[in-house]
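# Observations on chain architecture
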Amino acid sequence: MRTNFDFAPYRRSTVGFDRLFDLLETGMRGDGLDGYPPFDLARDGEDSYRITVAVAGFRPEEIEVVAQQNLLTITGKRAEDQDRGEYLHRGIAARPFERRFQLADFIEVRSASFENGLLTIALQRVVPEAMKPRKIEIGHGSAAPERLDAPANKIVEAA
C-alpha cells in the first residue's frame, strides 16, 4: 500500500503555496518522532491555545523553549546524576528530547510555566490591525477625485 502522496502536480499549478505543501509532506513523513515527551494541545478560547508537555524528571533550567518565526522548539537535556546512587530500575525517561511545533501565522508565545513536571506554554493569535477586516464608509457626492489643473506645457527654446 502506498503511504506517500506526490504534491508535484499541485506545486506546478499554484503560486505561493510552497510552505503549505512542505508542511503536508513533513506531517506525512512523521520526521521520526517517537512521541516523547507526550503533550496535550488545548484551545482555551477563540484565539488562545495551550501546549502542555509532560517533562517528568527535568528541572526548569534543563529545558529550553525557543520561538522563531512559525516554529516553536522545546528542548530538554538533563544534567548528569553523579551523586544519586546506583539505580536498580530506571523507569522515568531521562533522555534528551526536542519537540517541534509548527505555528500558524500570527500565533505568538505569551508565557511558559513549569509546575509538577508539566511545562505549559500559552499561545495567542494576534492579528495585526492592517490584516483585520474594516468597514469602508460609502461617501456621498462626486465619485471622481478632485483634480488640480496643471499649467499648460511650455516649450523653452535655448538661444
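Throughout what follows, the structure given in this document is the object of discussion. Keep in mind that what you see is a predicted model, and the values were worked out from it rather than measured.

Our focus in this paragraph is the pairing of strand 6 (residues 107–115). Pairing analysis gives eight bridges linking strand 6 to strand 7 (residues 118–125), with the strands arranged antiparallel. By the bridge assignment, I107 is partnered in strand 7 with R125. Where strand 6 hands over to strand 7, the hairpin turn is made up of two residues, of which N116 adopts a positive phi near 55°.

The subject of this paragraph is the sheet that holds strand 3 (residues 63–68). Spatial strand order, 3-4-5: three strands in an open sheet with antiparallel pairing. Looking at which strands have only one partner, the edges of the open sheet turn out to be strand 3 and strand 5 (97–102). The average angle at which neighbouring strand axes cross in this sheet is 15°, direction not considered. As paired strands, strand 4 (residues 71–76) and strand 5 are joined by six bridges and run antiparallel to one another. Within the sheet, the bridge partner assigned to G76 lies in strand 5 and is F97.

Basis of the calculations
- Residues numbered from 1 in each chain as written.
- Predicted model: local features only at pLDDT ≥ 70, side-chain atom pairs only at ≥ 80, totals over all residues.
- Heavy atoms only, no water.
- Pairing = 2+ DSSP bridges.
- Helix = DSSP H or I, 4+ residues; strand = E, 2+ residues; numbered from the N terminus.
- Axes fitted to C-alpha atoms, helices over the stretch in contact; angles between N-to-C directions.

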